[in-house]
Amino acid sequence: MATKRQLEKYRPFGVKGYVYSGSGSISVIGKICNSEGWKKLLLVIDPGVLAAGGADSIIKTVEAAGLEYKIFSEIKPNPLQVDIETIGFPMYQEFGADAIIAVGGGSAMDSAKGIAMMGDSGKTIDELEKILFALDPHVATPWHTFPMICIPTTFGTGSEVIRNAVISDVTGHKLVPMHDCILPAYAIEDPDLMATLPAHVAAATAMDALVQAIESYVSRAATEFSELCALHAIELIGPNIVRYVRNPAEEGPADAICRGAMFAGVSWNCSSIAQIHACNHPITEVLHIAHGDACAILLPWFVEWNGENKREKFWKVYNAMYPLETVAYKDFDLNVLVKKLMKLNYDLNILNNMTMDEYAKSRGIEGGCPDELCDQIIDMQFAGRDLPQYPRKTSDAEMKKALRDVNHGKYIYQPE
């Protein structure tokens, strides 16, 4: 494992598992289960998706394949350890399920991963997080874990192809287990499932995917493989994101974002976080700002701050995002990219084009987000985490200034 001052010298890269993509690709569920000998499935479905009928086509596909199933949908936006351990996991065991199908966004998949990682370990999720942290993430665990098929109905984390989960304990603290044992065996990327996303959800989750791709691409922990996946993700998401958000039912842009989010997840799995994801969990916890929105508002600062160290890569990001406006390296102006990203947030109406403080107050959070709270947010997660993969060294004080600048509206686009 890398220390704070040194990156791991020899790092593996690659993909474990299989990905099916394209309109109607959920039809392969029966084929997968038949090949694996799975007859009983626990369907872990986001309750909002279930109530809105967003999982109906998947349930019908499961039934048409002659598979038995139970549904677990006790899932919060920040999935709770207690729900997984006392409801979902016992349901899997009592039903005698062979595998899990997770349907929804990151919360549904993280809940499924919580059930899967427990397996026959006899341990709680918080205990397993500590155990997994000490293990090589690519070596099999000494206990059996449960296989998963993950089917996203939104974008964002690329959870269907990554080995991470985020689960809240009883105090609200976010546990982040990471190991190949929670890497889904199969992912199905069907853009038809994204056709009815509300605009604010579409925008936040697509921006989360774009930010992951950009962070992964410029990370000092990037490999040739992760760079290929990240840049392709940017090529797919960048030119299509506004068009998709304005009409999620248009198949071409939806398919591009769907595949882009998957490639961003693969890249993320082979690279590492940078400053944005190293500080934004508390933003969601304290201010109840969606994870993708928190990523989006930090992105212009991230590019500006790291631009000196990664100018060539940001030039490639620019040309990938804006293929009709490509420029030669000698003509690339980093500030133009920063301003375009500010305009992108504006076009997508991220946080209703408010500062964190304004948005928090509009949501009824007393006191909003004063500068002191910005500092506390950094202390909650970022403190002492000047990690070696950051494109540019960043102290706690520098990160606090960055968040204050974001909160003061420095990176909010002002139309002329």
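Residues numbered from 1 in each chain as written. Predicted model: local features only at pLDDT ≥ 70, side-chain atom pairs only at ≥ 80, totals over all residues. Heavy atoms only, no water.

A look at the overall build of the protein
- Looking only at helices and strands, the protein features 17 helices and eight strands.
- In summary, the protein has a C-alpha radius of gyration of 21 Å against a globular reference of 22 Å for 416 residues, a match within 12%.
- Each of the three principal axes of the protein carries a C-alpha extent, and together these read 60 × 50 × 45 Å.
- Burial statistics for the protein: of 416 residues in total, 56% are counted as buried.
- Considering only contacts within the protein whose residues lie at least 6 apart along the sequence, 76% involve residues at least 24 apart.
- Accessible area for the protein stands at about 17500 Å²; split by element, carbon and sulfur atoms hold 52% of it.
- Of the charged side chains in the protein, 37 are positive and 52 negative; the average position of the first set lies 5 Å away from that of the second. (Helix = DSSP H or I, 4+ residues; strand = E, 2+ residues; numbered from the N terminus. Rg over C-alpha atoms; globule rule 2.2 N^0.38 Å. Buried < 20%, exposed > 50% of the residue type's maximum accessible area, 1.4 Å probe, protein only. Contact = heavy atoms within 4.5 Å. Areas by Shrake-Rupley, 256 points an atom, 1.4 Å probe, with all protein chains shown as cover. Lys, Arg positive; Asp, Glu negative; His and termini not counted. Charge placed at Lys NZ, Arg CZ, Asp CG, Glu CD.)

Quick look at the nonpolar core
- In terms of nonpolar packing, the biggest core is built from 86 residues, with Ile 241, Phe 302 and Phe 314 touching the most fellow members.
- When residues of this core are assigned to their parent elements, the largest contribution, 11 residues, is made by helix H7 (residues 199-218).
- If sequence neighbours within four positions are ignored, Ile 241 has contacts with Ala 206, Met 207, Ile 257, Leu 344 and Leu 348.
- Core analysis: the next-biggest nonpolar cluster, separate from the first, contains 30 residues, Ala 102, Ala 108, Ala 165 and Ile 167 among them. (Core = buried A, V, L, I, M, F, W, Y, C linked by side-chain atoms within 4.5 Å.)

Things to note about the environment of Val 176
- Its location among the elements puts Val 176 in the loop between strand E7 (174-175) and strand E8 (186-189).
- Under the relative-accessibility criterion, Val 176 is labelled partly exposed at 34%.
- Sequence-wise, Val 176 and Leu 132 are 44 residues apart; in three dimensions their C-alpha atoms are separated by 10.0 Å.
- Setting aside residues no more than four positions away along its own chain, Val 176 makes contact with Glu 129, Ala 165, Val 166 and His 281.

Notes on the packing of aromatic side chains
- On inspection of all chains with the given rule, the structure shows 12 aromatic pairs.
- Ring centres 6.2 Å apart and planes at 20 degrees place the aromatic pair Trp 301 and Trp 305 in the stacked group. Separated by four residues within a single helix, Trp 301 and Trp 305 lie in helix H12 (residues 291-306), roughly one turn from each other. With respect to burial, Trp 301 and Trp 305 carry one shared label: buried. (Phe/Tyr/Trp six-rings, centres within 6.5 Å; stacked < 30°, edge-to-face > 60°.)

Some words on the packing of helix H4 (residues 81-95) against helix H5 (residues 106-118)
- Where H4 meets H5, the axes come as close as 10 Å, and the angle between the chain directions of the two elements is 65 degrees. Considered as vectors, H4 and H5 are oriented roughly perpendicular to each other. In this structure, H4 crosses over H5, and the sense of that crossing is right-handed. Residue-level inspection shows Ile 84, Glu 85, Gly 88, Phe 89 and Tyr 92 of H4 in contact with H5, the latter providing Asp 110, Ser 111, Gly 114, Ile 115 and Met 118.
- Of the residues belonging to the contact of H4 with H5, the class tally is five nonpolar, three polar and two charged. (Axes fitted to C-alpha atoms, helices over the stretch in contact; angles between N-to-C directions. Parallel < 35°, antiparallel > 145°, perpendicular 65-115°, else oblique. Left-handed = near helix turned anticlockwise from the far one by under 90°. Nonpolar A, V, L, I, M, F, W, Y, C, P; charged D, E, K, R; others polar.)

Observations regarding the domain arrangement of the protein
- For the protein, the assigned domains are domain 1 (16-191) and domain 2 (201-406).
- A separation of 26 Å is found between the C-alpha centroids of domain 1 and domain 2.
- Counting residues at the interface gives 22 residues for domain 1 and 22 residues for domain 2.
- Buried area between domain 1 and domain 2, both sides added, is near 1700 Å², and the carbon and sulfur share of it is 60%.
- Taken together, the links from domain 1 to domain 2 amount to zero salt bridges.
- Our count for the domain 1 to domain 2 interface comes out at four residue pairs in polar contact (both at pLDDT 80 or more).
- Here the side of domain 1 that touches domain 2 is built from residues that sort into eight nonpolar, nine polar and five charged. (Domains from an automatic or database assignment. Buried area = accessible area lost by both parts, 1.4 Å probe. Salt bridge = Lys/Arg side-chain N within 4 Å of Asp/Glu carboxyl O. Polar contact = N/O pair within 3.5 Å; in protein donor to acceptor, adjacent residues only side chain to side chain.)

Comments concerning the sheet that holds strand E4 (residues 99-104)
- Taken in spatial order, the six strands make up an open sheet running E1-E8-E5-E4-E2-E3, and their pairing is parallel. The open sheet has two edge strands with one neighbour each: strand E1 (18-21) and strand E3 (68-72). The sheet shows a mean angle of 20 degrees between the axes of neighbouring strands, direction not considered.
- Strand direction decides the pairing type here: strand E2 (residues 40-45) and E4, joined by five bridges, are parallel. (Pairing = 2+ DSSP bridges.)

Here's the deal with the environment of Cys 258
- As for its position among the elements, Cys 258 is in helix H10 (residues 251-270).
- Residue classification places Cys 258 among the buried residues on the basis of a relative accessible area of 1%.
- It is 8.2 Å that separates the C-alpha atoms of Cys 258 and Thr 154, two residues lying 104 residues apart in sequence.

Some thoughts on the UniProt feature "domain: Fe-containing alcohol dehydrogenase-like C-terminal" (unreviewed entry) in the protein
- The feature "domain: Fe-containing alcohol dehydrogenase-like C-terminal" (unreviewed entry), as annotated in UniProt, sits at residues 203-399 in this numbering.
- The annotated region residues 203-399 carries 64% helix and 0% strand content, and the separation between its end C-alpha atoms amounts to 25 Å. (UniProt positions renumbered as here; feature names shortened; annotations may be inferred.)

Section: the environment of Arg 392
- Relative to the helices and strands, Arg 392 resides in the loop between helix H16 (371-381) and helix H17 (396-407).
- Separated by 90 residues in the primary sequence, Arg 392 and Phe 302 have C-alpha atoms spaced 9.9 Å apart.
- A distance of 2.8 Å separates a polar side-chain atom of Arg 392 from the backbone oxygen of Trp 305.

Structural notes on the packing of H5 against helix H6 (residues 125-134)
- Orientation of H5 relative to H6, taken along the N-to-C sense of each, is 75 degrees, at an axis distance of 10 Å. With respect to H6, the axis of H5 lies roughly perpendicular. For the pair H5 and H6, the contacting residues are Gly 114, Met 117 and Met 118 in the first and Ile 125, Leu 128, Glu 129 and Leu 132 in the second.
- Its residues assigned to classes, the contact of H5 with H6 shows five nonpolar, one polar and one charged.

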